[in-house]
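# Secondary and tertiary structure notes
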Amino acid sequence: QVQLVESGGGLVPPGGSLRLSCAASGSIFGINDMAWYRQAPGKERELVATITNGGITNYADSVKGRFTISRDNAKNTVVLQMNSLKPEDTAGYLCYASLRRRGSVRCDDYWGQGTQVTVSS
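A short tour of the structure in this document, coming up. Residue indices begin from 1 for each chain and proceed along its sequence in written order. Given that this is a predicted model, residues contribute local features only at a pLDDT of at least 70 and side-chain atom pairs are listed and counted only at 80 or more, while totals for whole chains, interfaces and linings are drawn from all residues. Side-chain numbers come from the whole structure's heavy atoms, not from hydrogens or water.

## Considerations on the overall build of the protein
As a reminder, the rule being used: By definition, any uninterrupted DSSP run of H or I lasting at least four residues is a helix, any uninterrupted run of E lasting at least two residues is a strand, and each is numbered from the N terminus. Note on method: radius of gyration uses C-alpha positions; expected globular size equals 2.2 Å times residues raised to 0.38.
Assigned secondary structure in the protein consists of 0 helices and 11 strands. For the protein, the succession of helices and strands along the chain, N to C, is β-β-β-β-β-β-β-β-β-β-β. Its C-alpha atoms give the protein a radius of gyration of 14 Å, near enough to 14 Å, the size a compact globule of 121 residues would have. The principal-axis extent of the C-alpha atoms belonging to the protein is close to 50 × 25 × 25 Å.

This is how it looks when you write it as structure tokens:
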């Protein structure tokens, strides 16, 4: 009924840029917080960036100054612009949204399937 669809992952050299996009679709009343997570092999899942429905953002220290999260509420999308990429940014990136379904009085958690980002020469 509700799904998050991600795009934009790929292979880039160190110092390069990528733009990840995630679109929520389905029977949605409204979206609260949205976020990007990442998980590298052998490591725990890490919160990369969050954005509230009012546009307030927070970032992991490791990406501050390099990544920017934004959203378009009219399109139910969230974007992660990644600049000055480093090899340690290599991971599967996951889109998250806390959203309220039509006909529901509560918000639930939804996840995308993930998109791979590889930073390598």
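So, next bit.
## Comments concerning the packing of aromatic side chains
For any pair of aromatic rings, geometry is given as the distance between the ring centres together with the angle between the planes. Using the following cut-off: For Phe, Tyr and Trp, rings pair up if their centres lie within 6.5 Å, where Trp contributes its six-membered ring, and each pair is then called stacked (planes under 30 degrees apart), edge-to-face (over 60) or tilted (otherwise). Three exposure classes are used, based on accessible area relative to the maximum for each residue type with a 1.4 Å probe and protein chains only: buried under 20%, partly exposed in between, and exposed over 50%.
Tallied over the full model, the rule gives 3 aromatic pairs. Considering the side-chain rings of Tyr37 and Tyr96, the 6.2 Å spacing of their centres and the 75° angle between planes classify their relative orientation as edge-to-face. Of this pair, Tyr37 sits in strand 4 (residues 28–39) while Tyr96 sits in strand 9 (residues 91–101), and the two are 59 residues apart along the sequence. The exposure class assigned to Tyr96 is buried, which follows from its relative accessible area of 14%. Ring centres of Tyr37 and Trp111 lie 5.0 Å apart, and the angle between their planes is 55°; this geometry places the pair in the tilted category. With Tyr37 in strand 4 and Trp111 in strand 10 (residues 107–111), the pair connects residues that are 74 residues apart, well separated along the chain. Residue classification places Tyr37 among the buried positions, given a relative accessible area of 16%. Of the residues examined, Trp111 reaches a relative accessible area of 35% and is grouped as partly exposed.

## A word on the sheet that holds strand 1 (residues 2–7)
The criterion, for reference: Two strands form a pair only when DSSP identifies at least two bridges running between them. Under this scheme, a helix contributes an axis fitted over its contacting stretch, all axes are lines through C-alpha atoms, and angles between N-to-C directions fall in the 0 to 180 degree range.
Read across the sheet, 4 strands follow the order 1-3-8-7 without closing on themselves; strand pairing throughout is antiparallel. Here the strands that pair on one side only, and so sit at the sheet edges, are strand 1 and strand 7 (67–72). Mean inter-strand twist for the sheet, computed between neighbouring axes without regard to direction, equals 15°. Strand direction decides the pairing type here: strand 3 (residues 18–26) and strand 8 (residues 77–82), joined by 6 bridges, are antiparallel. Note that in strand 8 the partner of Ser21 across the bridge is Val79.

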